[in-house]
Amino acid sequence: MKKSSWSEKLFDMLLFIAGSALYSLSVNVFTLPNHIAPGGVTGLATVLNYLFGWPVGTASLLMNIPLFLIGYRSMGRTFAVRSLGATVIFSLLIDFLPLQPMTHDPLLGSLFGGVLLGVGLGFVLKGGATTGGTDMAARVLHQKIPYLSVGLILFIIDCMVVLLAGFQIQAEYALYAFICLYSSTKLIDVVMNGLTTEKA
């Protein structure tokens, strides 16, 4: 029983580490080079990077501090500690992983960025953590209103962030961000819930 518990914890840890890496890959390679603010705290950090040149990872980490306090109270110590670990990994990888953009086509950036982002966040959530930001808020709200999926709640919150970003960067990039958001939230639900025979 103890062995099973430790193996489950190790598996969860590997899940949220892999998810954080995929999330940071999505930002560095696809969304950030194309000025796509994919919603949430990362989207706000992307806007700050566009306006002032602030590092996206560092800005995300600083903005997540009050959200962690909320998450700690609502979700408990284990969830908050795991989420802090995922957020630190994600933030460091964004700022310090030397990756070149894969494309400067905003449509490709939004589609592939959304897919990677969704799979990454899905792994993190399945590992019993979040990367902070709106996915933490979505996880907390899902506990209160379980008939709404995590992906749908995330989509609603992030839509408001994308609209705000559209005013600061450019309306066209906000449209690309909505494509990114839609594809990422669909992938989150697939990773979280799997594909039933009926869905397939």
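Residues numbered from 1 in each chain as written. Predicted model: local features only at pLDDT ≥ 70, side-chain atom pairs only at ≥ 80, totals over all residues. Heavy atoms only, no water.

### Brief notes about the overall build of the protein
Secondary structure assignment for the protein yields eight helices and zero strands. Ordered by position from N to C terminus, the α and β elements of the protein give α-α-α-α-α-α-α-α. Over its C-alpha trace the protein gives a radius of gyration of 16 Å, about what one expects of a compact globule, namely 16 Å for 200 residues. Taken along its principal axes, the extent of the C-alpha atoms in the protein is 55 × 40 × 30 Å. For the protein, the share of sequence-separated contacts (at least 6 apart) that also reach a separation of at least 24 residues comes to 74%. (Helix = DSSP H or I, 4+ residues; strand = E, 2+ residues; numbered from the N terminus. Rg over C-alpha atoms; globule rule 2.2 N^0.38 Å. Contact = heavy atoms within 4.5 Å.)

### Overview of the packing of helix α5 (residues 106–126) against helix α8 (residues 171–193)
Interaxial distance between α5 and α8 falls to 7 Å at its minimum, and their mutual angle equals 35°. In this structure, α5 crosses over α8, and the sense of that crossing is right-handed. Its residues assigned to classes, the contact of α5 with α8 shows 17 nonpolar, seven polar and one charged. (Axes fitted to C-alpha atoms, helices over the stretch in contact; angles between N-to-C directions. Left-handed = near helix turned anticlockwise from the far one by under 90°. Nonpolar A, V, L, I, M, F, W, Y, C, P; charged D, E, K, R; others polar.)

### Points about a nonpolar patch on the surface
Nonpolar side chains collect at one region of the surface, where L107, L108, L111, F112 and I179 lie side by side and expose about 390 Å² of accessible area between them. Here the nonpolar patch takes four residues from α5, the largest share from any one element. Mapped onto the fold, I179 is located in helix α8. For I179, a relative accessible area of 31% puts it in the partly exposed group. (Patch = residues over 30% accessible without salt bridge, like charges linked within 9 Å, V, L, I, M, F, W, Y side chains within 5 Å. Areas by Shrake-Rupley, 256 points an atom, 1.4 Å probe, with all protein chains shown as cover. Salt bridge = Lys/Arg side-chain N within 4 Å of Asp/Glu carboxyl O. Buried < 20%, exposed > 50% of the residue type's maximum accessible area, 1.4 Å probe, protein only.)

### Some thoughts on the state of the cysteines
Counted under the stated rule, the structure contains zero disulfides. No disulfide involves C159; its sulfur sits 12 Å from the nearest other cysteine sulfur, which is in C180. Of the residues examined, C180 reaches a relative accessible area of 0% and is grouped as buried. (Disulfide = S-S within 2.5 Å.)

### Comments concerning the side chain of T31
Residue placement: T31 occurs in helix α1 (residues 2–31). Judged by relative accessible area, T31 falls into the buried class, the value being 0%. Excluding its chain neighbours within four sequence positions, the residues that come into contact with T31 are S26, I36, P38, G109, G113 and C180.

### Here's the deal with the layout of surface pockets
What the largest pocket holds in volume is close to 210 Å³. Every element with two or more residues in the lining of the largest pocket is listed here: α1 and α4 (77–96). Among the elements that line the lining of the largest pocket, the one with the most residues is α1, at six residues. Its residues placed into classes, the lining of the largest pocket shows five nonpolar, one polar and four charged. (1 Å grid on protein atoms, 1.4 Å probe; cavity = no way out; pocket = protein on both sides within 12 Å on 5 of 7 lines; lining within 4 Å. Points joined across faces, edges and corners; volume = space filled by probe spheres on them.)

### What to know about helix α7 (residues 150–168)
For α7, built from 19 residues, the straight-helix expectation of 27 Å at 1.5 Å per residue is met to within 8% by its first-to-last C-alpha distance of 27 Å. Buried within α7 we find V150, G151, I153, L154, I157, D158, C159, V161, V162, A165 and G166. The N-terminus of α7 is capped by S149, whose side-chain oxygen sits 3.1 Å from the backbone nitrogen of L152. (Expected span 1.5 Å × (residues − 1). Polar contact = N/O pair within 3.5 Å; in protein donor to acceptor, adjacent residues only side chain to side chain.)

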